[in-house]
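The residues making up each chain are set out below.
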Amino acid sequence: MNAEAAASLAGVKDADRKHVFHSWSAQELIDPLAVAGAAGSYFWDYEGKRYLDFSSALVYTNIGYQHPKVAAAIAEQAGKLCTVAPGFAVDVRSEAARLIAERTPGDLDKIFFTNAGAEAVENAVRMARLHTGRPKVLSAYRSYHGATSTAINLTGDARRFGNDTATAGVVRFWGPYLYRSPFHATTEAEECARALTHLEDTIVFEGPQSIAAIILETVGGAPGVLVPPAGYLAGVRELCDRFGIVFVLDEVMVGFGRTGTWFAADNWEVTPDLICFAKGVTSGYVPLGGVAISAAIAETFARRPYPGGLTYSGHVLACAAAVATINVMEEEGVVAQSARTGAELLGPGLRALAERHPSVGEVRGLGTFWALELVRNRETREPLVPYNAAGADNAPMAEFAAACKKGGLWPLVAGNRLHVAPACTITPQDVSKGLEILDGALTAADAHVV
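Throughout this document, residue positions are counted from 1 along each chain, in the order its sequence is written. For this predicted model, a pLDDT threshold of at least 70 governs which residues receive local features, and a threshold of 80 or more governs which side-chain atom pairs are given and counted, while totals over whole chains, interfaces and linings are taken from all residues. To get the side-chain values, all heavy atoms of the structure are used, and hydrogens and water are removed first.

So, about the sheet that holds strand β5 (residues 136–140). Two modes of strand pairing occur in sheets, parallel and antiparallel, and in both the strands are linked by backbone hydrogen bonds. With mixed pairing, the seven strands of this open sheet are ordered in space as β4-β10-β9-β8-β7-β5-β6. Sheet topology places β4 (110–114) and β6 (170–173) at the edges, where each strand pairs with a single neighbour. Recorded for the sheet is a direction-independent mean angle of 20 degrees between the axes of neighbouring strands. Bridge count between strand β8 (residues 246–250) and strand β9 (residues 274–277): three bridges; the pairing is parallel. Bridging across to β9, L249 finds its partner in I275. Lying on the sheet, helix α4 (residues 91–103) is in contact with β4 and β9; it crosses β4 at an angle near 120 degrees. The criterion for strand pairing is that DSSP finds at least two bridges linking the strands in question. The helix and strand labels rest on DSSP assignments: H or I over at least four residues marks a helix, E over at least two residues marks a strand, and numbering proceeds from the N terminus. Lines fitted to the C-alpha atoms define the axes, with helices restricted to the stretch that makes contact. Angles between their N-to-C directions range from 0 to 180 degrees. Contact between two residues is taken to exist if any of their heavy atoms lie within 4.5 Å; hydrogens are not considered.

Structure (structure tokens):
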């Protein structure tokens, strides 16, 4: 590293440690990597070490880093109009909404723009409550919906523990998860049927007349890439129709090509009443989220003001990024590429790793969205680390993650799982390279198998 790079690194690290307050962290116990640049499926540090990013940042750089067409569109928009209040009609905002609405399932043709996914969830729940006049919302235990007030209370995973006020009107239920079935199922069909019976019982015993919405991640992201069994989402749709409940799908992580379709719901041909989106809509280049709204719910607010809004709703720079990202995905066939990468490369490659490594209990996923569940024992399915592990309890996963990074792969590790979510545009050569690094790193996990 030359003197200029060393000085830049020292300055970045010093300012970070003095002034940046990092999320989800004990501030004095972390040492963030200083990133100097990124392109495509890679980023690099100030020493020039390159990392193949198997996390897509936080599962959002769907078209990779620094796509020139999107960067140019943002610059062009900045030269023309940087910002304007959300109450005005603006060409780029209208075009972003049109392009998104054209790709949503069914009649979800109205788009309410937010800054990010958590705000999308907040507003979707608000819409559902106002539309139905009911207070309760049902969400799954294995879920993550964001870190704002309602969203974190809807979240099922351990990140809610320090924020849970028990005042958000949330009722939780168990979703399907055959590998660790809460219903003692042995087949996907059994898991689906029993999960739907459990959800119906929850609705009945909570009082359908009090339930505004059921919110689900179409494919559970943070909980471990939980792909629903065939028939489950259609069954939830039927329950919502029967009891007059709004069906909300959280596609913040899985929309815009991640699962090999524009929206993950397309994999099961299900249309919800509201879809929450963010992340991949701009490939994360400028923050943008939103809610796609059905005709029936939009009609509720045709002559009744919607009591919600954001200063930067539909920010024109973000909308320019969305327009450019969607057009790039269309022109370059990114959605179909994601589907092929999953079916032909990632799926087979990860399953081959499972055959060689006893620490891999299950492989699951689709498109460019996969998970390896790591275990101490395949027979008992004991997780490699306990639920919500930290410190010494989390050492096996920390060792595995360190081995990935040493090999030049940046992993996304959550609990006892490796989430494999590279850019939807990743090349076959980089998939092979990533799998090769994982093959070596998994020996660190294998060392803890009993």
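What follows picks up the thread again.
What follows deals with the nonpolar core. Here, the term nonpolar core denotes a set of buried Ala, Val, Leu, Ile, Met, Phe, Trp, Tyr and Cys residues that are joined through side-chain atoms within 4.5 Å. Summary of the burial criterion: residues with accessible area below 20% of their type's maximum are buried, those above 50% are exposed, and those between are partly exposed, where the area comes from a 1.4 Å probe applied to protein chains only. Counting residues in hydrophobic clusters, the biggest one holds 61 residues, and the most contacted among them are I214, L216 and Y232. For this core, the element with the highest residue contribution is helix α10 (residues 316–331), accounting for eleven residues. The residues contacting Y232, other than those within four sequence positions of it, are F173, G175, P176, C192, A195, L196, L199 and L216. Counting 28 residues, the second largest nonpolar core, distinct from the first, contains V385, L409, V431 and A445.

Here we come to the pairing of strand β7 (residues 211–217). Most of β7 is tucked away: seven of the seven residues are buried. Across four bridges, β5 lies against β7 in parallel orientation. Note on β7: the bridge partner recorded for V137 is A213. Here, the term right-handed applies to a crossover whose path from the first strand over the helix to the second runs clockwise when the strands point away from the viewer. Chirality of the crossover, the property in question, places the unit of β7, helix α8 (residues 232–243) and β8 among those that are right-handed.

Further remarks concern the packing of aromatic side chains. Paired rings are identified among Phe, Tyr and Trp, the last through its six-membered ring, by centres lying within 6.5 Å, and are further divided according to the angle between planes into stacked (under 30 degrees), edge-to-face (over 60) and tilted (the rest). Within this structure, the stated rule accounts for eleven aromatic pairs. With a centroid separation of 5.6 Å and an interplanar angle of 70 degrees, the aromatic rings of F43 and W410 are classed as edge-to-face. Placement of F43 in strand β2 (residues 42–45) and of W410 in strand β14 (residues 409–410) is noted, with a sequence separation of 367 residues between them. Here F43 falls in the buried class, since its relative accessible area comes to 6%. The exposure class assigned to W410 is partly exposed, which follows from its relative accessible area of 23%. Ring geometry for Y51 and W410: centres 5.3 Å apart, planes at 85 degrees, overall edge-to-face. You can see Y51 sitting in strand β3 (residues 50–53) and its partner W410 sitting in strand β14, a full 359 residues away along the chain. In this analysis the charged atom, NZ for Lys or CZ for Arg, is taken to sit over a ring once it is within 6 Å of the ring centre and within 35 degrees of the ring normal. Cation over ring: R103 sits above W262, and NZ or CZ is 4.8 Å from the ring centre.

Look at α4 against α10: their axes get within 8 Å of each other, and the N-to-C directions meet at 40 degrees. Classified by the angle between their axes, α4 and α10 sit oblique to one another. In terms of crossing hand, the pair formed by α4 and α10 is left-handed. Across the interface between the two elements, V92, R93, E95, A96, L99, I100 and R103 of α4 pack against V316, C319, A320, A322, V323, I326, N327 and E330 of α10. Charged means Asp, Glu, Lys or Arg here, nonpolar means Ala, Val, Leu, Ile, Met, Phe, Trp, Tyr, Cys or Pro, and polar covers whatever is left, Gly included. Tallied by class, the residues present in the contact of α4 with α10 amount to ten nonpolar, one polar and four charged. For classification purposes, an angle smaller than 35 degrees is called roughly parallel, one larger than 145 roughly antiparallel, one from 65 to 115 roughly perpendicular, and anything else oblique. The sense of a crossing depends on the near helix, which, turned anticlockwise from the far helix by less than a right angle, makes the crossing left-handed and, turned clockwise, makes it right-handed.

This part takes up the layout of surface pockets. Put simply, the second largest pocket is a space of about 410 Å³. Think of a 1 Å grid over just the protein atoms. A cavity is a set of points where a 1.4 Å probe fits yet cannot get out, a pocket is an open set with protein on both sides within 12 Å along at least five of seven lines, and lining residues have an atom within 4 Å of a point. Together, 18 residues line the second largest pocket, and P86, I111, F112, F113 and S313 are the ones closest to its centre. Every element with two or more residues in the lining of the second largest pocket is listed here: α4, β4 and α9 (295–300). Element by element, the count of residues in the lining of the second largest pocket is highest for β4, at four residues. Grid points are joined across faces, edges and corners, and a volume is the space filled by probe spheres set on the points.

Within the secondary structure, R351 is located in helix α11 (residues 334–356). Spatially, the C-alpha atoms of R351 and R364 are 8.8 Å apart, while their sequence positions differ by 13 residues. When neighbours within four sequence positions are excluded, R351 is seen to be in contact with V363 and W370.

A few words on empty space enclosed by the protein. All chains considered together, the criterion is met by one cavity of 30 Å³ or more. Roughly 230 Å³ of volume is contained in the largest cavity. Looking at the largest cavity, it is lined by 19 residues, and the ones nearest its centre are R142, G175, P176, L216 and E217. Per-element accounting of the lining of the largest cavity gives the leading share, three residues, to β7.

For the rest of this paragraph, the subject is helix α5 (residues 117–132). In this scheme, a helix's expected span is set at 1.5 Å multiplied by one less than its residue total. Here α5 contains 16 residues, and its C-alpha end-to-end distance of 23 Å stays within 8% of the 22 Å for a straight helix at 1.5 Å per residue. Backbone geometry just after α5 places G133 at a positive phi near 75 degrees.

Moving on to unusual backbone geometry. Although it is not a glycine, S56 adopts a positive phi angle of roughly 50 degrees. You can see S56 is positioned in helix α2 (residues 56–59).

A pair is scored as a salt bridge if a Lys or Arg side-chain nitrogen falls within 4 Å of a carboxyl oxygen belonging to Asp or Glu. By the definition in use, this model includes 21 salt bridges. Residue K18 is joined to D14 by a salt bridge in which the shortest nitrogen-to-oxygen separation is 3.3 Å. With K18 and D14 both in helix α1 (residues 3–19), this residue pair falls four residues apart, about one helical turn. Looking at K18, the relative accessible area reads 58%, which means it is exposed. On the basis of relative accessible area, D14 is assigned to the partly exposed category, the value being 39%. R364 serves as the salt-bridge partner of E373, at 2.8 Å between the closest nitrogen and oxygen.

Let us now look at the sheet that holds β3. With mixed pairing, the four strands of this open sheet are ordered in space as β1-β2-β3-β14. One side of each edge strand has no neighbouring strand; the edge strands of this open sheet are β1 (35–39) and β14. Alignment of β2 against β3, held across three bridges, turns out to be antiparallel. What sits directly across from F43, in β3, is Y51.

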